[in-house]
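Listed below, chain by chain, are the residues.
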Amino acid sequence: MKHISVIVPTFNQSSYLSACLDSIWFQEWPAIEIIVVNDGSDDATRDVLDSYVKAVGLDRVSYAKNYNEKTDFIERFEHRRYPPEGRKLRIIHNPENRGLGAALNTGFRAASGEFCTFIASDDVLLPSAMGSLATALEEESADFAYADMHIVDDTGRIMRRFSLPDYSFENAFCNWYLCGICKLYRRELHKRVGYYDEKIKPQDHDMYLRFAMSGARFIHIPKVLANVRIHDGEREVDNHTPGNWNTLYEQSSRLVKKARRWLENRE
């Protein structure tokens, strides 16, 4: 059974962070390492993380288990809220905001799982996400697995399904970047290709394009396995602030052109 490392880079998204971490903790996969990189947040993120660590160690819950006729009493079963088996939580605090690329590299360099991924701290994984993606990697001898998503609003309501194309280099990288939000891949790819480029905005687009150009085998899972949140106004952070949109689109467009030229030269 492969261990999975999930990196959670976070900057000023304290309102969503606990739900994101819960969605990882309660995955239907037995061995998961969670690495949170607090990238110099100046909101309540540190307090939220401190409370989360405390809850993981102390919180208990119960459910009605048996009706005892002799005592006319409903007996309850108490257990830990966060089952500790197969879970490891590590929190890294950057003293200042260094940007998403640097936060990702901090997390992935600390990772120990054979499979790895990252999730934005305002998004949520569905319970079967890691299991479905990991199974595909193992059974299909793939290096990178990706799945479909629901786009949800700030309250969690579903706005639309985002169905991605089955993999070909052209589908995933030459039309637009269409594979890298809900994903899982072999950590050894970083040994082959390196880590995220900290000088650009579309770090994942560039990283996964380099994976593909190095010969990594991709597979698409046509299931919704994550909820990806969109925001309105002040909650937008990092790459998706209004001031970064133009740069993000410009740099991603360059990467699409790079993919097209690379494919043309191979044909």
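Presented here is an overview of the structure given in this document. (Residues numbered from 1 in each chain as written. Predicted model: local features only at pLDDT ≥ 70, side-chain atom pairs only at ≥ 80, totals over all residues. Heavy atoms only, no water.)

### So, helix α4 (residues 129-139)
In step 1: The buried count for α4 comes to eight of 11 residues, which makes it a mostly enclosed element.
In step 2: All buried positions along α4 are accounted for by A129, M130, G131, S132, L133, A134, A136 and L137.
In step 3: After α4 finishes, the residue S141 shows a positive phi value of roughly 50°. (Buried < 20%, exposed > 50% of the residue type's maximum accessible area, 1.4 Å probe, protein only. Helix = DSSP H or I, 4+ residues; strand = E, 2+ residues; numbered from the N terminus.)

### A short note on the pattern of salt bridges
In step 1: Scanning the model with the defined rule gives 11 salt bridges in all.
In step 2: A salt bridge links E138 to K2; the shortest N-O distance between them is 3.6 Å. Of this pair, E138 sits in helix α4 while K2 sits in the segment before β1 (4-10), placing them 136 residues apart in sequence.
In step 3: Here E138 falls in the partly exposed class, since its relative accessible area comes to 33%.
In step 4: Given a relative accessible area of 27%, K2 falls into the partly exposed group.
In step 5: One salt bridge connects D148 with R161, and the closest N-O pair in it is separated by 2.8 Å. Highlighted residues: D148 in strand β8 (residues 144-152) and R161 in strand β9 (residues 158-162), separated in sequence by 13 residues.
In step 6: Salt bridges here are not isolated pairs; linked through shared partners, they connect D143, R186 and R217. (Salt bridge = Lys/Arg side-chain N within 4 Å of Asp/Glu carboxyl O.)

### Section: the nonpolar core
In step 1: Counting 75 residues, the largest nonpolar core has M130, F173, Y208 and F211 as its most contacted members.
In step 2: If near-sequence neighbours (up to four positions away) are discounted, F211 is found in contact with F144, Y185, L189, H190, V193, A216 and F218. (Core = buried A, V, L, I, M, F, W, Y, C linked by side-chain atoms within 4.5 Å. Contact = heavy atoms within 4.5 Å.)

### With respect to the state of the cysteines
In step 1: For the structure shown, the criterion picks out zero disulfides.
In step 2: Of the cysteine sulfurs around C174, a residue in no disulfide, the closest is that of C179, at 11 Å.
In step 3: Overall, the relative accessible area of 4% leaves C174 in the buried class. (Disulfide = S-S within 2.5 Å.)

### Some thoughts on the pairing of strand β2 (residues 32-39)
In step 1: For β2, the buried fraction is high: eight of the eight residues fall into the buried class.
In step 2: Judged by which residues are buried, β2 turns out to be covered on both faces: I32, I34, V36 and N38 on one side and E33, I35, V37 and D39 on the other are all buried.
In step 3: Bridge count for β1 against β2 is seven bridges, and the pairing is parallel. Each residue of the ladder has a partner; that of I7, found in β2, is I35.
In step 4: In terms of strand pairing, β2 meets strand β5 (residues 87-94) through eight bridges, oriented parallel. In the sheet register, V37 faces β5, and the bridge partner there is I92. (Pairing = 2+ DSSP bridges.)

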